[in-house]
Amino acid sequence: MALITSDRARFPNDPWQLVETVHLPGNAGTLETLFSLGNGHLGIRGAHWAAADADLPGTFINGFHETWDIKHAENAYGFARTGQRILYVPDANNFTVIIDGEQLSLDESTILDYRRSVDFATGVYECRITWQCRSGATVTTTERRAVGYASRGGLGISLEVAADRDISADVTSSVINRQDQPVEDHSAHDPRRAGRHAGRVLLPLRLDGADGSLRLSWEAAESKQRLGMAVDHWTSAEVQPFATQVDQDDSSVRYVLAVSAEAPFVLEKSVSYAVGQAAEDLTDNAEAALRPVSEIFAQSQGHYRDYWKTSDIVVAGQPALQQGIRWNLFQLAQATACAGVAGIPAKGVSGSGYEGHYFWDQEVYLLPYLTYTNPGNARQVLEFRHDLLPEAKIRAKELSVDGALFPWRTINGLEASAYYAAGTAQFHIAAAIAFATNRYIWASGDTEFQETLGAELLIETARMWASLGFFGKDGLFHIHGVTGPDEYTAVVNDNLYTNVMARFNLRAAAALNHPEVSDAEREFWEQAANRMQLPYDEDLQVHSQDNDFMTLEPWDWTTPRGKYPLLLHFHPLVIYRHQVLKQADTVLAMFLQWQDFTAEEKRRAFDFYDPITTGDSTLSACVQGIMAAEVGYGKAALDHFTHALFIDLDDTHGNTIDGVHIASTGGVWSSLVSGFAGLRDQGAVPYFDPRLPAEWDGLAFCLLIQGRLLQVELTQESITLAVREGAPLEVDVRGELLAVGGDPVRVPLAPLAAPEPTVFPSGPPTASIPVVRAAI
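Residue positions are given per chain, counting from 1 as you read along its sequence in written order. Reporting of local features is limited, given that this is a predicted model, to residues whose pLDDT is at least 70; pairs of side-chain atoms are given and counted only at 80 or more, and all residues count toward the totals for whole chains, interfaces and linings. The side-chain quantities take in all heavy atoms of the structure and omit both hydrogens and water.

Novice: Would you mind going over the environment of A221 with me for this structure?
Specialist: Note on placement: A221 falls in the loop between β16 (213–220) and β17 (226–235). Among the residues examined, A221 registers a relative accessible area of 16% and is labelled buried. Taking C-alpha positions, A221 is 9.9 Å from P204, a pair spaced 17 residues apart along the chain. Throughout, a residue-residue contact means that at least one pair of heavy atoms, one from each residue, lies within 4.5 Å. Discounting residues that sit within four places of it in the chain, A221 has contacts with E66, R200, V201 and L203. Under the DSSP-based scheme used, a helix requires at least four consecutive residues in state H or I and a strand at least two consecutive residues in state E, with every element numbered from the N terminus. The classification of residues rests on relative accessible area computed with a 1.4 Å probe and restricted to protein chains. Under 20% of the type maximum is buried, over 50% is exposed, and intermediate values are partly exposed.

Following this line, the structure appears as structure tokens:
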């Protein structure tokens, strides 16, 4: 059931805002995700300010987490030992508004007018509600909020109360510790959702408050991370607070006053968070970083003014898609802008889904966007991975391999995936990190990083592959007992994606001129790469996902749609023994290592795997769309792209309530740049093979490549390239080598004929989730 696109009267199609014009019950938690704000460090969900109107409100700080000992019912050596979960930090977005004795709430009060929005151009959330009070007064409340950027731990909130007559107002501003509130643990029913802790998590260290100011701090019971919080209030009426109360779970500042029709009451709430593990009182740090609300708003507006100059992507002739594209790009900025040397959680800082863990998502789905729009931030993510090398080397020894083995899911560097078949067995995360490292070096020209941190990442991951695999009696190099990206096929031998990416990793490391790499080690890496086993089915003439995939029983495609996603309705062993995919696997390998496969191999692989890919993973549609575009299936490419574009806006997977699917938003960027514009990288020069959908008039964007700002404009007839900043750049367009400088270079594009799809002997009917086509 679509959400945003199903009701364009309620959610009008504005290219620079997400707007809601009518409040209706239901979907409150999903909308809290869609209207959330964040800067990569601090995030606040888009909940209404009244407790009765919020579903899953909360505020998060990237990396602030609690740990616990994982208890396995049946233990074994090397199992993950330390659970990690992002915490709800005490939440400042709480108000109680009582007018003439009536407490305002959306469900209980009379609403005359309603509008809330998040503005992509400024990063400002606004909710304006006009209430018909029982006393006869008409009152309008306007809440606005924004997060800081130069002040990355800063949050600014303003609440205005205006009336058509004199009223009595009782307004309470609260800070609520949501982490220790009794809440149902949903994770038992859905492993994608965050669980809860049994005991108290945040232990108070300091609870001070007076005259409208709060100075609060807590320590996580097990991880020992500390949080300091400073809150100041300012009012237009210059009225003193009626009361200031502090408590470990609910601190508040209350104002009681008369409000005249001529002078609305404005309450501004400046908030600052500081986190760390130092012994000092972090409230002092938070207090020092406090900024006026107006400054926080100015920081947000300034950030997005600069952001859109180089990061906007414009689709000509498709206004129905432009809003969705900018919303996805806005989410990418909110998840990454101020993360610092930290990972990017799978949900960013918009929710607690997937426990706030970092996966391979950040390297394969987010780093392309960051590398070509904000390479400094891309380097920081890779520096974060490098910081975890000591733990990764210890983990490698536990798994009896050399080099470094990075955890499948983590916050603090330790493996947190208790189900090894779909966790630790996904060794391919090592190649994802190596691939992102190599791409960053290629695209940025950062030789200092290449010679130091980057080289170490490439070398240590190559050593892991060299020891994990072995030369078999056939003389080929095999990698056994692994799980590829498709988590519906687990612990297999010679997963094609894993082997292809390991081959890349070994070759990239062997190409380094580094004193730590001996000639013998380099020779071993080269031989392992050159003799890597790549499963291939001679009968079907298709690369097999692994050695045994083509022998599995086909899935029963009469399974009702209500039984998807399969992981929620079938035991893993049932799924594992069938030919069915959760997400693109072999197809993803052919996208990332595009030089290694022929056009015919890619087309046949797409034809075989796309129909048996359920789309149960939000990581899949974007990749399927990119490869559909490359092999010439324009309609399929646009269908998959549209599905990816509205995954969260229409809550197509039913779990947007837990936060934005940030990897999918990164996939939307790649779908536009690598899919429809046809960018391929890490070759001799940037390569473009455009595949613009027939329905589109044009596509325009910018890329930061090797110190240049390259502007790309695509129409049905041509591609036009220009370097807006920096020296000329060599670019390849469909085999034509061009020197692109400040003057635009226009290259005509000949139409491409769509190929006939391969018809396999026993091809099952398609299982792809149909795109919800709304009235847009």
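Novice: Whenever I open this one, the side chain of S117 confuses me. Can you help?
Specialist: Inspection of the secondary structure puts S117 in strand β10 (residues 110–119). Whenever a nitrogen or oxygen atom comes within 3.5 Å of another N or O atom, the pair is scored as a polar contact, on the condition that within protein one atom can donate a hydrogen and the other can accept it, and that pairs from neighbouring residues in sequence are kept only if both atoms are in side chains. At 3.5 Å, the side chain of S117 forms a polar contact with the side chain of R115. Residue contacts for S117: discarding those within four places in its chain leaves Q17, L18, V19, F35, V124, Y125 and E126.

Novice: Can you walk me through the pairing of strand β30 (residues 698–705) in this structure?
Specialist: Each regular strand displays side chains that alternate between the two surfaces of the sheet. Burial within β30 is extensive, with six of its eight residues counted as buried. Two strands are said to pair when DSSP picks up at least two bridges between them. Pairing analysis gives three bridges linking strand β21 (residues 314–316) to β30, with the strands arranged antiparallel. Residue V315 lies in a different strand from β30, and its bridge partner there is L699. Examined bridge by bridge, β30 and strand β31 (residues 708–715) share eight bridges and lie antiparallel to one another. Directly across from F701, in β31, lies its bridge partner V712. Between the antiparallel neighbours β30 and β31 lie two residues, among them Q706 with a positive phi of about 50 degrees.

Novice: What should I look at first to understand the pattern of salt bridges in this one?
Specialist: Pairing between side chains of opposite charge can happen when their charged atoms approach one another. Any Lys or Arg side-chain nitrogen located within 4 Å of an Asp or Glu carboxyl oxygen qualifies as a salt bridge. Inspection of every chain in the model, using the stated rule, returns 41 salt bridges. Among the salt bridges present, the one from R379 reaches D446, with a minimum N-O distance of 2.7 Å. One end of the pair, R379, is in helix α6 (residues 375–387); the other, D446, is in the loop between α8 (429–444) and α9 (447–451), with 67 residues separating them in the sequence.

Novice: Explanation requested: the nonpolar core in the structure shown.
Specialist: Buried together is how nonpolar side chains tend to be arranged in soluble globular proteins. Counting 217 residues, the largest nonpolar core has W360 and L699 as its most contacted members. The dominant element in this core, judged by the number of residues it contributes, is α8, at twelve residues. Contacts of W360, omitting those with residues within four sequence positions, involve Y365, R385, W408, H428, I429, A432, P485, Y497, Q583, L588 and L619. Put simply, a nonpolar core is a bunch of buried Ala, Val, Leu, Ile, Met, Phe, Trp, Tyr and Cys residues held in one set by side-chain atoms that sit within 4.5 Å of each other.

Novice: Looking at this structure, I do not really get the sheet that holds strand β9 (residues 102–103). What am I missing?
Specialist: Through backbone hydrogen bonds, the strands of a sheet pair up, either in parallel or in antiparallel fashion. The strand order β9-β8-β14-β19-β18 describes an open sheet built from five strands, whose pairing is antiparallel. The sheet is open, and its two edges are formed by β9 and β18 (243–245), each paired on a single side. The sheet contact formed by strand β14 (residues 167–176) and strand β19 (residues 250–259) spans ten bridges and is antiparallel. From the neighbouring strand, V175 faces β19, where its bridge partner is S251.

Novice: Even after reading the chapter, I still don't get unusual backbone geometry, so can you show me in this structure?
Specialist: Excluding glycine, residues mostly carry a negative phi; peptide bonds, for their part, are mostly trans. A cis amide bond, omega -5 degrees, links Y564 with the succeeding residue P565. Turning to its location among the elements, P565 is positioned in the loop between β26 (553–554) and α13 (572–576). Located in the positive-phi region is D651, a residue other than glycine, with phi close to 50 degrees. Assignment of secondary structure puts D651 in the loop between α17 (634–645) and α18 (662–676). Backbone geometry at Q682 places phi at a positive 65 degrees, although glycine is not the residue there. Secondary-structure assignment places Q682 in the loop between β28 (679–680) and β29 (687–688).

Novice: Mind showing me how you'd approach helix α5 (residues 361–373) here?
Specialist: By this rule, a helix spans an expected 1.5 Å times one less than how many residues it contains. Under the 1.5 Å per step criterion, the end-to-end length of α5 is 17 Å for 13 residues, consistent within 8% with the ideal 18 Å. At every residue, the bend is computed as the angle between two fitted axes, covering the seven residues ending there and the seven beginning there respectively. At L367, α5 shows its largest bend, some 50 degrees, and a proline, P368, comes one to four positions later. In terms of burial, α5 is largely enclosed, as 13 of its 13 residues are buried.

Novice: What's the story with the sheet that holds β28 in this structure? I'm lost.
Specialist: Overall, mixed pairing links the four strands, which are arranged β28-β29-β33-β34 in an open sheet. Two strands close off the open sheet at either side, each with one partner strand: β28 and β34 (736–740).

Novice: Just to check I follow, could you spell out the packing of helix α16 (residues 620–631) against α17 for this structure?
Specialist: The axes are straight lines fitted to the C-alpha atoms, using for helices just the contacting stretch, and the angles between their N-to-C directions are given from 0 to 180°. Where α16 meets α17, the axes come as close as 8 Å, and the angle between the chain directions of the two elements is 160 degrees. For the element pair α16 / α17, the angle class is roughly antiparallel. Handedness of the crossing formed by α16 with α17: left-handed. Facing A621, C622, Q624, G625, A628 and A629 of α16, the residues of α17 in contact are A636, A637, H640, H643 and A644. Roughly parallel means an angle under 35 degrees; roughly antiparallel means over 145; roughly perpendicular covers 65 to 115; every other angle is labelled oblique. The crossing is said to be left-handed when, going from far helix to near helix, the turn is anticlockwise and less than a right angle, and right-handed when the turn is clockwise.

Novice: It is not clear to me how the pairing of strand β20 (residues 265–276) should be interpreted in this structure. Could you clarify?
Specialist: Within β20, nine of the twelve residues are buried, leaving the element largely enclosed by the surrounding structure. Looking at chain direction, β17 and β20 are connected through ten bridges and run antiparallel. The partner of T235 across the bridge, within β20, is L267.

Novice: Help me understand the side chain of R215, please; the structure alone is not making it clear to me.
Specialist: Note on placement: R215 falls in strand β16. In terms of polar contacts, R215 uses its side chain to reach the side chain of D232, at 3.1 Å. A distance of 3.3 Å separates a polar atom in the side chain of R215 from a polar atom in the side chain of E287.

Novice: Would you take a moment to explain the packing of aromatic side chains for this structure?
Specialist: Think of a pair of aromatic rings as described by two things: how far the centres are apart, and how the planes are tilted against each other in angle. Geometry of aromatic contacts follows a simple scheme: Phe, Tyr and Trp rings, the Trp one being its six-membered ring, pair when their centres are within 6.5 Å, and the pair is stacked under 30 degrees between planes, edge-to-face over 60, tilted otherwise. Scanning the entire structure with this criterion turns up 33 aromatic pairs. Geometrically, the ring pair formed by Y149 and Y304 is edge-to-face, given 5.8 Å between the ring centres and 85 degrees between the ring planes. Note that Y149 is positioned in the loop between β12 (138–147) and β13 (154–163) and Y304 in helix α3 (residues 293–311), a separation of 155 residues in sequence. Classification of Y304 by relative accessible area gives buried; the value is 0%. Relative to W669, the ring of Y372 lies with its centre 6.2 Å away and its plane at 10 degrees, an arrangement referred to as stacked. Of this pair, Y372 sits in helix α5 while W669 sits in helix α18, and the two are 297 residues apart along the sequence. By relative accessible area, Y372 is classed as buried at 2%. One aromatic cluster is present, built from ring pairs that chain together W16, F120, Y149, Y304, Y307, W308 and F330. Our definition puts a charge over a ring when NZ of Lys or CZ of Arg is within 6 Å of the ring centre and also within 35 degrees of the ring normal. The ring of Y125 has R145 lying over it, and the distance from NZ or CZ to the ring centre is 3.8 Å. We note R561 situated over the ring of Y564; from NZ or CZ to the ring centre the distance is 4.1 Å.

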